Amino acid sequence: MQSKDHIFATPIAQLGDFCFDQNVAEVFPDMIKRSVPGYSNIISAIGMMTTRFAQPDSRLYDLGCSLGAATQEMRRNLTQPGCRIIAVDNSAAMLERAASHLAAFKSEVPVTLTEADLCDIEIDNASVVVLNFTLQFIDPDKREALLNKIYRGLKPGGVLILSEKFVSADDTVNELLIDLHHDFKRANGYSELEISQKRTALENVMRPDTPELHKTRLKRVGFQHVDLWFQCFNFGSMVAIK
Ligand SMILES: Nc1ncnc2c1ncn2[C@@H]1O[C@H](C[S@+](CC[C@H]([NH3+])C(=O)[O-])CC(=O)[O-])[C@@H](O)[C@H]1O
Ligand SMILES: O=C(O)C(=O)Cc1ccccc1
């Protein structure tokens, strides 16, 4: 049985910044499923893209892996020999649980779990890189350098799958998409208090960009082929091919 997310269910007097601690790690599968429209479709598609883009004797990176949902899907769909998956997160609580989640499945594919800041790791010999709802938590000033490092670490023909919460450049549409996201959360059983307290807690730590900025930046770092392949409300996923 997975634990249900009640983190923001009661009034919190000193609402601090959202962080990926033990409490969040414990309820994370429930939290992400009820909070991110399209999450399970995106995870499935990461598996499908792995089958298409993984190259023999290369590395696959899951950056900001949380409990390793994308890692597990890549591992299940990998058909090329000699590959290794490197799953990275800077939350010790997440990585501890990722290790036990991944150990619950049998697989021949080696996985390295690394506790590190994405800004400090090396990326090398990569055929598939996944940033599934992680770039939005990186300091905006460091995003381009990280994407540049990913581009340089990818082999020709390699792919980056970048999923994010977006802001719309059009204020009216932006408000509509945020409202629809809140409707989605209500429909999934979150109360007004849960929605508003989490929104406040995320304000300083999650800074979404427009899809246009993502596309321009990905092109600037060198990706030849970039587009949005999925969007539901203000959440979506882009593909960038080297
Ligand atoms: N600087 C950083 N360095 C490393 N990790 C970081 C950093 N900043 C944040 N993280 C990590 O990025 C993850 C973001 S969750 C990813 C979901 C997952 N990809 C999934 O497909 O289930 C998305 C969400 O919760 O909306 C958390 O585990 C953070 O600890
Ligand atoms: O819940 C939200 O409002 C989100 O934007 C998604 C989310 C999901 C899990 C952790 C942090 C943010």
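Residues numbered from 1 in each chain as written. Chains lettered and ligands numbered in written order. Predicted model: local features only at pLDDT ≥ 70, side-chain atom pairs only at ≥ 80, totals over all residues. Heavy atoms only, no water.

Trainee: Describe in detail the overall build of the protein, supporting the description with residues and values.
Mentor: Across its full length, the protein carries eight helices and seven strands. On the principal axes, the C-alpha backbone points of the protein span a range of 50 × 40 × 30 Å. Buried positions account for 50% of the 242 residues belonging to the protein. Put simply, 79% of the contacts in the protein that link residues at least 6 apart link residues at least 24 apart. Put simply, the protein shows about 11600 Å² of open surface, and 50% of that area lies on carbon and sulfur atoms. Of the side chains in the protein, 26 bear a positive and 31 a negative charge, and the two mean positions are spaced by 6 Å. (Helix = DSSP H or I, 4+ residues; strand = E, 2+ residues; numbered from the N terminus. Buried < 20%, exposed > 50% of the residue type's maximum accessible area, 1.4 Å probe, protein only. Contact = heavy atoms within 4.5 Å. Areas by Shrake-Rupley, 256 points an atom, 1.4 Å probe, with all protein chains shown as cover. Lys, Arg positive; Asp, Glu negative; His and termini not counted. Charge placed at Lys NZ, Arg CZ, Asp CG, Glu CD.)

Trainee: Summarise the site of ligand 2; cite the residues concerned and give the values.
Mentor: Phe18, Met31, Ser35, Val36, Lys165, His181, Lys185, Lys198, Leu202, Met206 and Phe235 make up every residue found near ligand 2. Measuring from an oxygen atom of ligand 2, one finds a side-chain N or O atom of lysine 165 at 2.8 Å. Lysine 198 places a side-chain nitrogen or oxygen 2.7 Å from an oxygen atom of ligand 2. Surface burial for ligand 2 is 94%, taken as the share of its 320 Å² of free accessible area covered by protein chains. Listing elements by their share of the shell around ligand 2, those giving two or more residues are helix H1 (22–35), helix H6 (171–187) and helix H7 (192–202). Considering only residue class, the shell around ligand 2 consists of six nonpolar, two polar and three charged. (Near = heavy atom within 4 Å. Polar contact = N/O pair within 3.5 Å; in protein donor to acceptor, adjacent residues only side chain to side chain. Nonpolar A, V, L, I, M, F, W, Y, C, P; charged D, E, K, R; others polar.)

Trainee: Tell me about the environment of proline 110, residues and numbers included.
Mentor: Position of proline 110 relative to the elements: it lies in the loop between helix H4 (92–103) and strand S3 (111–115). Judged by relative accessible area, which is 31%, proline 110 ranks as partly exposed. The spacing of proline 110 and asparagine 148 is 38 residues in sequence and 26 Å in space, taken between C-alpha atoms. Ignoring sequence-local partners within four residues, the contact set of proline 110 consists of Cys83, Arg84 and Ile85.

Trainee: Explain the UniProt feature "domain: Methyltransferase" (unreviewed entry) in the protein to me, using residue names and the numbers behind them.
Mentor: Feature annotation in UniProt assigns "domain: Methyltransferase" (unreviewed entry) to the following positions: residues 62–158. Regarding residues 62–158, the helix share stands at 36% and the strand share at 26%, and the terminal C-alpha atoms are separated by 14 Å. (UniProt positions renumbered as here; feature names shortened; annotations may be inferred.)

Trainee: Help me get a handle on the nonpolar core, residues and values and all.
Mentor: The biggest cluster of nonpolar side chains holds 40 residues, and the ones touching the most others in it are Phe18, Ile46, Leu60 and Val128. For this core, the secondary structure elements donating two or more residues are H1, helix H2 (39–53), helix H3 (69–77), H4, strand S4 (126–132), strand S5 (154–165), H7 and strand S7 (235–241). Apart from the residues lying within four places of it in its own chain, the contact partners of valine 128 are Thr50, Phe53, Ala54, Arg59, Leu60, Tyr61, Met74, Leu154, Val159 and Ile161. In this structure, Tyr61, Leu131, Met238 and Ala240 belong to the second largest nonpolar core, which totals 27 residues. (Core = buried A, V, L, I, M, F, W, Y, C linked by side-chain atoms within 4.5 Å.)

Trainee: Please provide a residue-by-residue account of the packing of H1 against H4, values included.
Mentor: Running from N to C, H1 and H4 point in directions that differ by 35 degrees, and their axes come no closer than 8 Å. At the point where H1 passes H4, the crossing takes the right-handed sense. Contact residues: H1 offers Gln22, Val24, Ala25, Glu26, Phe28 and Pro29, while H4 offers Ala93, Met94, Arg97 and His101. Along the lines of polarity and charge, the residues of the contact of H1 with H4 split into six nonpolar, two polar and two charged. (Axes fitted to C-alpha atoms, helices over the stretch in contact; angles between N-to-C directions. Left-handed = near helix turned anticlockwise from the far one by under 90°.)

Trainee: Which residues make up the packing of H1 against H6, and what are the values?
Mentor: Viewed as axis vectors pointing N to C, H1 and H6 meet at an angle of 130 degrees, and their least axial separation amounts to 8 Å. In terms of orientation, H1 and H6 fall into the oblique class. Every residue of H6 that contacts H1 at Lys33, Arg34 and Ser35 is listed here: His181, Phe184 and Lys185. Considering only residue class, the contact of H1 with H6 consists of one nonpolar, two polar and three charged. (Parallel < 35°, antiparallel > 145°, perpendicular 65-115°, else oblique.)

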